[in-house]
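# A structural walkthrough
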Number of protein chains: 2
Amino acid sequence: MAHGIDEVARVAGVSTATVSRALRGLPNVSVATRERVRSAAAQLGYVASPSAASLASGRTRTIGLLTPWVNHWFFSNVIEGAEQALRAQGYDALLHTFEVSRKVPRLRVDPDVLRRRVDGILVVGFPLDDSEVVSLLGLGHPMIFIGSSVPGQVTVRLDDLATGRTATQHLIDLGHRRIGHISGSPDDITPFSPPVARRRGWLAALADAGIPADPQLEVHGHFDLDGGRESMHQLFRQCPDVTAIFAASDEMAMGAILAARDLGLQVPQDLSVVGVDGHDLGELVRLTTMVQPAVEEGAKAATLLLELIAGGAVPGDVVYQTTLLDRGSTGPPRAAHGM
Amino acid sequence: MAHGIDEVARVAGVSTATVSRALRGLPNVSVATRERVRSAAAQLGYVASPSAASLASGRTRTIGLLTPWVNHWFFSNVIEGAEQALRAQGYDALLHTFEVSRKVPRLRVDPDVLRRRVDGILVVGFPLDDSEVVSLLGLGHPMIFIGSSVPGQVTVRLDDLATGRTATQHLIDLGHRRIGHISGSPDDITPFSPPVARRRGWLAALADAGIPADPQLEVHGHFDLDGGRESMHQLFRQCPDVTAIFAASDEMAMGAILAARDLGLQVPQDLSVVGVDGHDLGELVRLTTMVQPAVEEGAKAATLLLELIAGGAVPGDVVYQTTLLDRGSTGPPRAAHGM
DNA sequence: CTGTTAGCGCATTCAT
DNA sequence: ATGAATGCGCTAACAG
């Protein structure tokens, strides 16, 4: 069952070179020959050894998926989309998570683990610092960033500024003026990461509406449920008069809702909450959110990467717009009820 | 920067064989030599080509992760645990999802995509049918199943029977007698899959309590939020007197809670709900659940697989117990309030 | 403990 | 359109 290319060649009555060409769909093989080779291969259950093919060709037909986690909404959905798009083109997805613990600073990404192992790299949702990007580029492979833009690198991402602005504007339109913002930890933030842009959108919307920015209305925490919950509690302590929250992710937004519940407050009567993502489970708390197409982002990035590998021109960034999904966690502030 | 093994050999003043041995930590290399080789390799930035090493050795140091999805709670957590355990041992994780659409029957798993590409296979949470198992075994690699047992194959899984029994007993203890069950679609079910065992646990607990089983109290749907919601609606139609639900997964349980909400019913006053998983977001609806250690299951399975690959004896199945986490979605039935 | 040698199984020239 | 020959970069016997 574990036959080699020469067995196929013998059965088909051709040379190994012809088998190689026929099976890979290269031109300059007669239809008849190709068919004969195909059936011989099928009959023998022959599949080319990826190792041998890689060694000989220098290509691995494998893409490295670099991500901090797979068990978070955005990441798992992007990976889902990317893996399917890659496989549709005959590429393998090599999953590589780098530990991002909340205790210790994360380890630096070590390019060696991907050396000579992949044809390209997809970096999912995590802004690497300059030296890490440089070291990865040193591998000599095309690389695309998803969800976090890196200067000079191809990126597939959201219009985070507009996202923050729209979410905040939605709250302003409802009559809120004390609108808080929950974002990621400062140490997670590079100048080009989504949290920063979403925050700028928040500030921009406030400024446009002539609402003064209050530093006390801004809290940073971990990018998950507990982080959102803790951040919201801190925000309540700092600003008891806060009436609305724009959280940089749905999980944080849901955490904020839990914090409100901890204090016996009603959503949206006592606190309006809007998040970012379009997490399915947001429905549980009627979370209003800015929906992003995470699976499609992953698939799109994978497709672009394969085009780059195939020698295509360097594409421009792909920027997706989010859409507001009002499920009910936002409403007019209590103080504005009489308006 | 892309140096070969012979460059390292030249710089270190040894043969390529010694370089290979030294760098891989094999015995029979003097400390001094090993150190000299190491520094030469470091200086040149040398990392062995995986393709060449695989071709020469027959081993790939790669494990195939076979899973229907990555964007569901159980799967992403198992994968997270497995990938980290694999990487800690220097193994790569090749992610391979096979499309499980709710529209069309899923494609059969094609072993060819993993042929000569991996040293072992982890099948996550999906019971393959006999012929698929046979074809995968034909690849000649060790294989471990996580979350779904397959006769004759090593498995890491839950005690699903006890899980179903304990969850149901919890409801019985609260005074419920009309206890429904929401499970996966019949076509998803093989005789050894978790849904079947959880259902048997449900039936066993009912039988133990002398409560007659009513087929109308059982509904099958898709294993996700919408599936749970639809199933619960159907159950309400079939049995308006149902007071409690044991759902085979947290996502389905949360769907059931949404269905109750759709009808204006209170949880747990009008409907008690218990799920299985320990999904973090269950907190949003105070979901009571049977907690399982998904990350650990993935890591354990990965470790066992590597031991098998290293030539260890075939291990017995690893069976985890779940623990009841009462977050509030269960309580006495209305009719029993006076008890 | 270390060096020599022979492949591993293909893709790819260069012929024809 | 096809074949013959070469080598990708390393591991594994074997020899010493």
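Quick look at the structure, then. The model shown is predicted, which means the values in this text are computed figures rather than measured ones.

For the rest of this paragraph, the subject is helix α7 (residues 160-173) of chain A. Residues and elements named next belong to chain A. Its 14 residues give α7 an end-to-end C-alpha distance of 20 Å, which sits within 8% of 20 Å, the value for a rise of 1.5 Å per residue. What α7 keeps buried is the set Asp 160, Thr 163, Gly 164, Ala 167, Thr 168, His 170, Leu 171 and Ile 172. Positive phi shows up at Gly 175, right after α7, with a value of about 110°.

Moving on, we get to the packing of helix α9 (residues 225-238) of chain B against helix α10 (residues 250-262) of chain B. All names here are of chain B. One way to put it is that α9 packs onto α10 with a least axis distance of 6 Å and a crossing angle of 50°. One finds that α9 runs oblique with respect to α10. Note that α9 runs across α10; the crossing there is right-handed. On α10, the residues touching Leu 225, Gly 228, Arg 229, Met 232, His 233 and Phe 236 of α9 are Glu 251, Met 252, Met 254, Gly 255, Ala 256, Leu 258, Ala 259, Ala 260 and Asp 262. In terms of residue class, the contact of α9 with α10 is built from nine nonpolar, three polar and three charged.

What follows is about the environment of Gly282(A). As for its placement among the helices and strands, Gly282(A) is situated in the loop between β9 (272-277) and β10 (288-291). Here Gly282(A) is in contact with Met254(A), Leu287(A) and Arg327(A), once residues within four sequence places are set aside.

When chain A is fitted to chain B, the residual RMSD is 0.1 Å, and the transformation amounts to a turn of 180° plus an axial shift of 0.0 Å. Such a turn and shift between the copies fits a two-fold axis. By residue overlap, the copies meet face to face through one surface: 100% of the interface positions of chain A are interface positions in chain B.

This brings us to the protein's contact with DNA strand C. Surrounding DNA strand C, one finds 26 residues, the nearest of these being Ser20(A), Arg24(A), Arg59(A), Thr33(B) and Arg116(B). Each atom of DNA strand C within 4 Å of the protein belongs either to a base or to sugar and phosphate, the latter forming 69%. In the model, a sugar or linking oxygen of DNA strand C is placed 3.1 Å from a nitrogen or oxygen of the Tyr46(A) side chain. Listing elements by their share of the surface near DNA strand C, those giving two or more residues are α2 (16-23) and α4 (50-57) of chain A together with α2 (16-24) and α4 (50-57) of chain B. At four residues, the largest contribution of residues to the surface near DNA strand C is made by α4(A). Tallied by class, residues from the surface near DNA strand C come to 12 nonpolar, 10 polar and four charged.

Turning to the packing of aromatic side chains, a few remarks are in order. Residues and elements named next belong to chain B. Enumeration according to the criterion identifies four aromatic pairs over all chains in this entry. Ring centres of Phe 74 and Phe 75 lie 5.6 Å apart, and the angle between their planes is 80°; on these two criteria the pair is classed as edge-to-face. In terms of burial, Phe 74 and Phe 75 fall into one category: buried.

Right, let's talk about the packing of helix α1 (residues 5-12) of chain B against helix α3 (residues 31-44) of chain B for a bit. Residue and element names in this part refer to chain B. Packing of α1 against α3 brings their axes to within 9 Å, and their N-to-C directions diverge by 125°. For the element pair α1 / α3, the angle class is oblique. When the axes of α1 and α3 are compared, the crossing they make is right-handed. Along the contact surface, α1 presents Glu 7, Val 8, Val 11 and Ala 12, while α3 presents Arg 36, Val 37, Ala 40, Ala 41, Gln 43 and Leu 44.

Time to look at the pairing of strand β4 (residues 143-146) of chain B. All names here are of chain B. Covered by surrounding structure in β4 are Met 143 and Phe 145 together with Ile 144 and Ile 146, the residues of both alternating faces. Note that strand β3 (residues 120-124) and β4 share four bridges and pair parallel. Bridge pairing links Leu 122 to Ile 144 in β4. One crossover worth recording links β3 to the parallel β4 by way of helix α6 (residues 130-137), and it is right-handed. Examined bridge by bridge, β4 and strand β5 (residues 154-158) share three bridges and lie parallel to one another. If you follow Ile 146 over to β5, its bridge partner there is Val 156.

Parameters at a glance
- Residues numbered from 1 in each chain as written.
- Chains lettered and ligands numbered in written order.
- Predicted model: local features only at pLDDT ≥ 70, side-chain atom pairs only at ≥ 80, totals over all residues.
- Heavy atoms only, no water.
- Helix = DSSP H or I, 4+ residues; strand = E, 2+ residues; numbered from the N terminus.
- Expected span 1.5 Å × (residues − 1).
- Buried < 20%, exposed > 50% of the residue type's maximum accessible area, 1.4 Å probe, protein only.
- Axes fitted to C-alpha atoms, helices over the stretch in contact; angles between N-to-C directions.
- Parallel < 35°, antiparallel > 145°, perpendicular 65-115°, else oblique.
- Left-handed = near helix turned anticlockwise from the far one by under 90°.
- Contact = heavy atoms within 4.5 Å.
- Nonpolar A, V, L, I, M, F, W, Y, C, P; charged D, E, K, R; others polar.
- Least-squares fit on C-alpha atoms with pLDDT ≥ 70 in both.
- Near = heavy atom within 4 Å.
- Polar contact = N/O pair within 3.5 Å; in protein donor to acceptor, adjacent residues only side chain to side chain.
- Phe/Tyr/Trp six-rings, centres within 6.5 Å; stacked < 30°, edge-to-face > 60°.
- Pairing = 2+ DSSP bridges.
- Right-handed = clockwise from strand over helix to strand, strands pointing away.

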